[in-house]
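Secondary and tertiary structure notes
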Amino acid sequence: MTRVPYLSARLQGFGTTVFAEMSALAVATGSVNLGQGFPDYPGPPEVLDVARAAIGTAADQYPPGPGIPELRAAVAEHHGRFTGLAYDPADEVLVTAGATEALTAALLALLDPGDEVVVFEPMYDSYAAAVAMAGGVVRPVTLRPPPSGEGRWTFDPEELRAAATPRTKLLLLNTPHNPTGKVFTREELATLAALAISHELLVLTDEVYEHLVFDGAHHVSMAALPGMRERTLVVGSAGKTFNVTGWKIGWICGPAPLVSAVRTAKQFLTYVNGGPLQPAVAAGLALPDAYFTAVAQDLQYRRDVLVRGLAEAGLPVISPEATYFATVDVRPVQPDGDGLTFCRALPARAGVVAVPTVVFYDPAHAHLGRHLVRFAFCKSDEVLGEAVERLRRLG
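What you see is a predicted model, and the numbers here were worked out from it, not measured in a lab.

The rules we used
Residues numbered from 1 in each chain as written. Predicted model: local features only at pLDDT ≥ 70, side-chain atom pairs only at ≥ 80, totals over all residues. Heavy atoms only, no water. Domains from an automatic or database assignment. Contact = heavy atoms within 4.5 Å. Buried area = accessible area lost by both parts, 1.4 Å probe. Salt bridge = Lys/Arg side-chain N within 4 Å of Asp/Glu carboxyl O. Polar contact = N/O pair within 3.5 Å; in protein donor to acceptor, adjacent residues only side chain to side chain. Helix = DSSP H or I, 4+ residues; strand = E, 2+ residues; numbered from the N terminus. Nonpolar A, V, L, I, M, F, W, Y, C, P; charged D, E, K, R; others polar. Phe/Tyr/Trp six-rings, centres within 6.5 Å; stacked < 30°, edge-to-face > 60°. Buried < 20%, exposed > 50% of the residue type's maximum accessible area, 1.4 Å probe, protein only. Lys NZ or Arg CZ within 6 Å of the ring centre and 35° of its normal. Pairing = 2+ DSSP bridges.

Things to note about the domain arrangement of the protein chain
- When the domains of the protein chain are assigned, the result is domain 1 (9–42 + 290–394) and domain 2 (45–288).
- Listed as interface residues are 36 residues of domain 1 and, on the opposing side, 49 residues of domain 2.
- Counting the surface domain 1 buries against domain 2, the share from its top three residues, F292, E321 and F360, is 22%.
- Our count for the domain 1 to domain 2 interface comes out at two salt bridges.
- Here R152 and E321 are joined by a salt bridge, their closest N and O atoms 3.1 Å apart.
- There are 17 residue pairs in polar contact (both at pLDDT 80 or more) connecting domain 1 and domain 2.
- Of all elements in the fold, only α11 (289–312), β9 (317–318), β10 (325–329) and β13 (372–376) reach the threshold of two or more residues within the side of domain 1 that touches domain 2.
- A per-class count over the side of domain 1 that touches domain 2 returns 24 nonpolar, seven polar and five charged.

This is the structure:
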């Protein structure tokens, strides 16, 4: 590894994200961008109209440090409605600058140098960086794709148990999971809960895709399992649910002492953010159940369009249970099985941009994801249709 001048030792190895590289490639080549996971269609007017009305009012100024009371109350009510968990808006809910800040602030607040964090890989790329910034050490546990492409991603409970050592302080979980689209079952969560309890671990769970679940799969919050609420921080976000990824309105919920610790770190990061957007997100969280059902159904339709197109292009697809993303095995169309090479060449070959899954693995395990590539399907009918038509050229 070439050392980057001036960059601290903690962040050596963390260069420009692959999302920036692939998005720039999409612009430079005029390709359809199925790499970065952001929708290209607007969110619900019930949310957008509230934000428009708030701009130019007192909401433009600093909101309260923990977030406006209306949003904290809405987050708590939303949890009660969909997860059955009760949180006190006053001291168990903290509004953050997106889920990324919530996760980073939690890791900065809770980890001491050398503390270990058990996390499943492939993992969203900010996790390892945030653990490193906090002085922690990642202990990855590998999710395995189904051998035939049909079925679910799984993990070996023995590998999980072996990853926890006397230095382990925290389990970082993402369900529904990016980039695999896996939804952890209640039985799998029970295995994780048993580990957390036996090793006295804290749990930080990223649940930003909680509503984007397909085919009858059911999202269960880790904090809802017996004995877990008191040791678990739950992260959520408005971006994915309401198609406003650029707003960066997130939150973290948990026992008051843990939330207080996170707030101590968070106040020295952004302090506050998104004044006019916070009441809009509160309005969105109060939308009827039918809205959240419709969002999942719409994305399931888009998933099916892309999955069919990828299959017709000769790319075996692991159809996701949730999220914005589908994973493919590029070996049938890439002789050396190198997903990064495939992604860099795909704009010229088909006019489409994707993201190599290898970047979501710990460097020591990169070979496990070398042949996998992630495509996003949270795009308009026109864009998805064009992407599918271009991908057929590979077939």
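Alright, that's what it looks like, and here's the rest.
Side note on the packing of aromatic side chains
- Under the defined criterion, the tally for this structure stands at 13 aromatic pairs.
- Aromatic side chains Y124 and Y127 sit 6.0 Å apart centroid to centroid with 70° between the ring planes, which places their arrangement in the edge-to-face category.
- Exposure remark for Y127: the relative accessible area of 4% places this residue in the buried category.
- For the ring pair F155 and F184, a centre distance of 6.1 Å and an interplane angle of 35° mean the geometry is tilted. Of the two residues, F155 sits in the loop between β4 (137–142) and α6 (157–163) while F184 sits in the loop between β5 (168–174) and α7 (186–198), which places them 29 residues apart along the sequence.
- Using a relative accessible area of 11% as the deciding quantity, one classes F155 as buried.
- In this structure an aromatic cluster arises from ring pairing among F82, F242, Y291 and F292.
- Taking the ring centre of F184 as reference, the NZ or CZ of K182 above it sits at 4.9 Å.
- Over the aromatic face of F38 sits the side chain of K379, whose NZ or CZ is 3.7 Å from the ring centroid.

Here we look at the side chain of T323
- Relative to the helices and strands, T323 resides in the loop between β9 and β10.
- By relative accessible area, T323 is classed as buried at 0%.
- Polar contacts involving the side chain of T323 include one to the main-chain amide nitrogen of F325, which spans 3.3 Å.
- Among residues more than four places away in sequence, those in contact with T323 are P176, H177, G181, Y209, L212, F214 and F377.

Here's the deal with helix α5 (residues 125–133)
- Taken together, the buried positions of α5 are S126, Y127, A129, A130, V131 and A132.
- In this structure, the buried residues of α5 make contact with α4 (98–110), β3 (116–121), β4, β5 and β6 (202–206).
- A positive phi of about 85° marks G135, the residue just after α5.

Details of the pairing of strand β2 (residues 93–96)
- Alternating positions in β2 separate into two faces, V93 and V95 on one and L94 and T96 on the other, with burial throughout.
- Across four bridges, the pairing between β2 and strand β8 (residues 250–253) is antiparallel. Bridging across to β8, V93 finds its partner in C253.

Quick notes on the sheet that holds strand β12 (residues 355–356)
- Ordered in space as β9-β10-β13-β12, the four strands form an open sheet in which the pairing is antiparallel. Single-partner strands in this sheet number two, and they are β9 and β12.

So, the pattern of salt bridges
- Applying the stated criterion across every chain yields a total of 22 salt bridges.
- With a closest N to O distance of 2.7 Å, R390 and E386 form a salt bridge. A residue pair is termed a helical-turn pair when its members lie 3 or 4 positions apart in one helix, as R390 and E386 do in helix α13 (residues 381–391) at four residues.
- With relative accessibility at 34%, the residue E386 sits in the partly exposed group.
- Put simply, R392 and E389 hold a salt bridge, and the shortest N to O gap is 2.9 Å.

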